[in-house]
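Structural description and commentary
This is what each chain is made of:
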Amino acid sequence: MVTSMKGFQKALALLFVVAMVFIHPGSAAAALTIEITQGERSGIPVAAAPFRWQGTGDPPENLRAIVAADLHRSGRFDLLSPADYLSSPSEVSEVRYKDWRLIKAEALVVGRITEKGPDQFEVSFQLLDVYRERVKVGLRYTANAAQLRQVAHQISDRIFYEMTGIKGAFDTRIAYVTMQLSDGGDRVYQLMIADSDGHNSQQILKTTNLPVLSPAWSPNGQRLAYVSFSDNQSGANVWLQDISAGTRRPVARFDGSASAPAWSPDGKSLALTVSSRGNTDIYVLGVESGELRRLTKHPAIDTEPAWSPDGRYLVFTSDRNGRPHIYRVSRNGGKAERLTREGKENAGASYDPTGKRLVLVTNRGQGAGYQIGVFYPESGRTDVLTDGTLDESPTFSPNGAMILYATRMGRDGVLAVVSADGRVRQVLKSTEGDVREPAWAASR
Amino acid sequence: MQRFWTILLVLFLGVTLAGCAASKKKGGTVEVEDATIDGSGADVTTGASASGVDSDDATAGEIIIIDQNDSDVDDPLGQRVVYFDFDSSNLTPEAQRVVEAHAQYLTSNPGMAVVLEGHADERGTREYNLALGERRSNAVSQIFQAMGVAPDAIRTISYGEERPISMGQDESAWSLNRRVEILY
């Protein structure tokens, strides 16, 4: 009896291991790959030596490539090509600083991956100041193979912080929606979450012929609010999904439709758009209390609310003066103030973490189409960062340094990242069909 | 009589030509997955795990709309789709004629339920277009109600730019996508 019980436990343990292998997101092939579309050589010149592999077989992950791609994507750095490196150190004691001054590197990243046991690795890196000839920071990590990408993003975050004084945002997550046409002509929608570079994607919702849009992360990164439809009979509604539990519910039942959810910074309220009897206005819903408060009351379209980081204001899109433009209203309601005056139309605005800039979709007129712009409410200036014709859904990285948005490559929708200064743009190329509606989580 | 022939045609197309002459709207289904990703520590990073469970399956009924090209263009009742100008919910004189004909039919056939499905082209943000589709379907609903159709018999739904008829990226495609479908 004892032995058969042990056999049963063994079988159960084996089953568990097998299940883990199948469902582990690390085992899934990367669905999004980065393609560099534009980059100016105007950032800080940084060299990153290949991480030395100390183990058997091939290294489990190219950490240097992940770190280099992260740093480049931020727009703050000019990654020097490994082809020009005169030596390949993996540790400060091996560094000849003049090798790096010759290629005009201001900073150098060196590192190693060491195999410590079965599926167990130690990663170490050092960031070196080439001119002062000193170590700015050095750290050591242990991880299994599936965790190595996350280690690389944490290394990027640390380097970004040391070099800029701004917290890095590479070890973060994004959400987005994919749409694929099935052979039978069905529209299959998937709500996905992934690392900030598009890797390790996981599907958290799949619907057929019921559109999914406007995902919004709760401030603690545990829940997603999004818009979908429950069937072909009722209109759009806002759903709340707990990511780890996999449970979801409509936030409320409305007389009409609800959409455009936006979490308040304290995570207690959702601003959303309710359309009832042909009128579309902004409301604020208590997530737990279910209490619904009307914020705007205007016969025009009021939609796409977004909170200021201090929670005192909301910006929204309204066509109350003809074309869509951005307005601002106190969280207590009252008179709305028009913010954007330039351009033919502006929509879909949201704040950066400082509250001093808004990212938005702007149409400058003369058939220019829709691009991503950064708008400065104090001066009224807009910097146009992209050159697509149907760019939309911009979302700031949690540190405000980058903007993720949706654009087109041919007929397909793809995600792209532009540095907040507009200097560097990269496309996250997908194998998942039409990709749209990105949202960057504030915390992991 | 018109209604009889419409039903007959729907049955005929539904049985023999589904997905060909008729544009068929399939029932929607939903699968929810769960996923867990742990936060990361200072020196030791934690991993991620996910498990997938299908739940909350829902299949709605099927709605079949007749492609207007197969209908009698001289008969406004044969037209189930009205089109709009860019960023506009104003009805063109032609659209007005079609909407009024349906309103008359519905008032003389009380008890029938009608769904007004508003759509937009892909230009502009998805959320704005959801509101624009709502406004378009409501514009049709207003005429229906003004002409005596019971408000309870009308349901408006907007799909914004999410269900385009034409996948093209030019004005000829966009003009087909800016529409309200009158479904009963």
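What comes next concerns the included structure. (Residues numbered from 1 in each chain as written. Chains lettered and ligands numbered in written order. Predicted model: local features only at pLDDT ≥ 70, side-chain atom pairs only at ≥ 80, totals over all residues. Heavy atoms only, no water.)

1. Quick look at the overall build of chain A
Within chain A, the regular secondary structure consists of four helices and 31 strands. With 444 residues in all, chain A has 58% of them scored as buried. In chain A, once contacts between residues fewer than 6 apart in sequence are set aside, the share between residues at least 24 apart is 43%. Counting every atom, chain A has about 18100 Å² of accessible surface; 50% of that belongs to carbon and sulfur. (Helix = DSSP H or I, 4+ residues; strand = E, 2+ residues; numbered from the N terminus. Buried < 20%, exposed > 50% of the residue type's maximum accessible area, 1.4 Å probe, protein only. Contact = heavy atoms within 4.5 Å. Areas by Shrake-Rupley, 256 points an atom, 1.4 Å probe, with all protein chains shown as cover.)

2. Observations regarding the pairing of strand E22 (residues 333–338) of chain A
Residue and element names in this part refer to chain A. In this sheet, E22 lies alongside strand E21 (residues 325–330) in antiparallel orientation, the contact comprising three bridges. Bridging from a neighbouring strand, Tyr 327 pairs with Arg 338 of E22. Here E21 folds back onto E22, and the loop between the two strands holds two residues. (Pairing = 2+ DSSP bridges.)

3. Let's talk about the packing of aromatic side chains
Residue and element names in this part refer to chain A. With the rule as written, the count across this model stands at seven aromatic pairs over all chains. On the basis of an interplanar angle of 75° and a centroid distance of 6.1 Å, the ring pair of Phe 77 and Phe 160 is categorised as edge-to-face. Of this pair, Phe 77 sits in strand E4 (residues 77–79) while Phe 160 sits in helix H4 (residues 148–164); the two residues are 83 residues apart in sequence, bridging distant segments of the chain. On the basis of relative accessibility, which here comes to 1%, the residue Phe 160 falls in the buried class. Each ring, one from Phe 316 and one from Tyr 327, has its centre 6.0 Å from the other, and the planes form 25°; the classification is stacked. Here the residue Phe 316 occupies a position in strand E20 (residues 313–318), and Tyr 327 occupies one in strand E21, the gap between them amounting to 11 residues. Across the pair, Tyr 327 and Phe 316 agree in class, each one buried. Aromatic ring contacts, followed pair by pair, group Phe 77, Phe 160 and Phe 170 into a single cluster. Taking the ring centre of Tyr 313 as reference, the NZ or CZ of Arg 328 above it sits at 3.9 Å. In this structure, Arg 381 is placed above the aromatic ring of Tyr 376, and the distance from its NZ or CZ to the ring centre is 4.4 Å. (Phe/Tyr/Trp six-rings, centres within 6.5 Å; stacked < 30°, edge-to-face > 60°. Lys NZ or Arg CZ within 6 Å of the ring centre and 35° of its normal.)

4. Quick look at the environment of Gln 371 of chain A
All names here are of chain A. If you trace the backbone, Gln 371 turns up in strand E25 (residues 371–376). Residues Gln 371 and Val 384 lie 13 residues apart in sequence; the distance between their C-alpha atoms is 6.8 Å. Engagement of the side chain of Gln 371 in a polar contact is seen with the backbone oxygen of Ala 368, the distance being 2.7 Å. Side-chain polar atoms of Gln 371 contact the backbone oxygen of Gly 388, separated by 2.7 Å. (Polar contact = N/O pair within 3.5 Å; in protein donor to acceptor, adjacent residues only side chain to side chain.)

5. Notes on the sheet that holds E21 of chain A
Residue and element names in this part refer to chain A. If you walk across this open sheet you meet the four strands as E19-E20-E21-E22, and the pairing is antiparallel. The open sheet has two free edges, formed respectively by strand E19 (302–307) and E22, since each of these has just one partner strand. Between one strand axis and the next, the sheet turns through 30° on average, direction left out of account. Sheet topology places E20 next to E21; six bridges connect them, and they run antiparallel. Looking at the pairing, Val 315 lines up with Arg 328 of E21. (Axes fitted to C-alpha atoms, helices over the stretch in contact; angles between N-to-C directions.)

6. Considering the sheet that holds strand E24 (residues 358–363) of chain A
All names here are of chain A. Pairing within the open sheet is antiparallel, and its four strands lie in the order E23-E24-E25-E26. At either margin of the open sheet sits one strand with a lone partner, and together these are strand E23 (345–351) and strand E26 (381–384). The mean angle between the axes of side-by-side strands here comes to 30°, regardless of whether they run parallel or antiparallel. By the bridge criterion, five bridges tie E23 to E24 in an arrangement that is antiparallel. Bridge assignment links Ala 347 to a residue of E24, and that residue is Val 361.

7. Structural notes on the side chain of Thr 280 of chain A
For Thr 280 of chain A, the location among the structural elements is in strand E17 (residues 279–286). Owing to a relative accessible area of 2%, Thr 280 of chain A belongs among the buried residues under this scheme. Polar side-chain contacts of Thr 280 of chain A include one of 2.7 Å to the side chain of Ser 275 of chain A. Sequence-distant contacts of Thr 280 of chain A, that is, excluding residues within four places in its chain, are made with Thr 273, Val 274, Ser 275, His 298, Ala 300, Ile 301 and Asp 302 of chain A together with Ala 131 of chain B.

8. Some details on the environment of Asp 195 of chain A
Residues and elements named next belong to chain A. Within the element layout of this structure, Asp 195 appears in strand E9 (residues 187–195). Along the sequence, Asp 195 and Asp 171 sit 24 residues apart, while their C-alpha atoms lie 7.1 Å from each other. Filtering out sequence-adjacent residues up to four positions away, Asp 195 remains in contact with His 153, Thr 172, Arg 173, Ile 174, Asn 200 and Arg 444.

9. Examining the pattern of salt bridges
When the charged atoms of two side chains with opposite charge come close together, those side chains can pair. Taken as a whole, this structure holds 37 salt bridges over all chains when the rule is applied. In this structure, Arg 96 of chain A and Asp 99 of chain A form a salt bridge, with 2.8 Å as the shortest nitrogen-oxygen distance. Under the relative-accessibility criterion, Arg 96 of chain A is labelled partly exposed at 45%. Note that Asp 302 of chain A and Arg 320 of chain A form a salt bridge whose closest N and O atoms lie 2.7 Å from each other. Separated by 18 residues along the polypeptide, Asp 302 of chain A in strand E19 and Arg 320 of chain A in the loop between E20 and E21 bring together distant segments of the chain. Given the relative accessible area of 22%, Arg 320 of chain A is considered partly exposed. Shared partners join several salt bridges into a network, and the residues in it are Glu 392, Asp 434, Arg 436 and Glu 437 of chain A together with Arg 126, Glu 161 and Glu 162 of chain B. (Salt bridge = Lys/Arg side-chain N within 4 Å of Asp/Glu carboxyl O.)

10. With respect to unusual backbone geometry
Trans is the common state for peptide bonds, and a negative phi is the common state for residues other than glycine. One non-glycine residue, Ala 260 of chain A, lies in positive phi territory at about 50°. Secondary-structure assignment places Ala 260 of chain A in strand E15 (residues 257–263). With a phi close to 50°, Asp 87 of chain B is a non-glycine residue in the positive phi region. Checked against the element boundaries, Asp 87 of chain B lands in the loop between strand E6 (81–83) and helix H2 (93–108). For Asp 87 of chain B, a relative accessible area of 14% corresponds to the buried category.

11. Focus on the packing of H2 of chain B against helix H3 (residues 126–146) of chain B
Residue and element names in this part refer to chain B. Between H2 and H3, whose axes approach to 9 Å, the crossing angle comes to 50°. Comparing their axes, H3 and H2 come out oblique. The hand of the H2/H3 crossing is right-handed. Within the contact between the two elements, H2 uses Gln 96, Val 99, Glu 100, His 102, Ala 103 and Leu 106 and H3 uses Val 140, Ile 143 and Phe 144. In the contact of H2 with H3, the residues fall into six nonpolar, two polar and one charged. (Parallel < 35°, antiparallel > 145°, perpendicular 65-115°, else oblique. Left-handed = near helix turned anticlockwise from the far one by under 90°. Nonpolar A, V, L, I, M, F, W, Y, C, P; charged D, E, K, R; others polar.)

12. Description of the pairing of strand E28 (residues 402–409) of chain A
In summary, the side chains of a regular strand alternate between the two faces of the sheet. All names here are of chain A. The element E28 is largely enclosed, with a buried count of six among its eight residues. Here strand E27 (residues 392–396) pairs with E28 via three bridges, running antiparallel. Along E28, the bridge assignment pairs Phe 396 with Ile 403. Taken together, E27 and the strand that follows it, E28, pair antiparallel across an intervening segment of five residues, in which Gly 400 is found at a positive phi of about 80°. Between the antiparallel neighbours E28 and strand E29 (residues 412–419) lie two residues, among them Gly 410 with a positive phi of about 65°.

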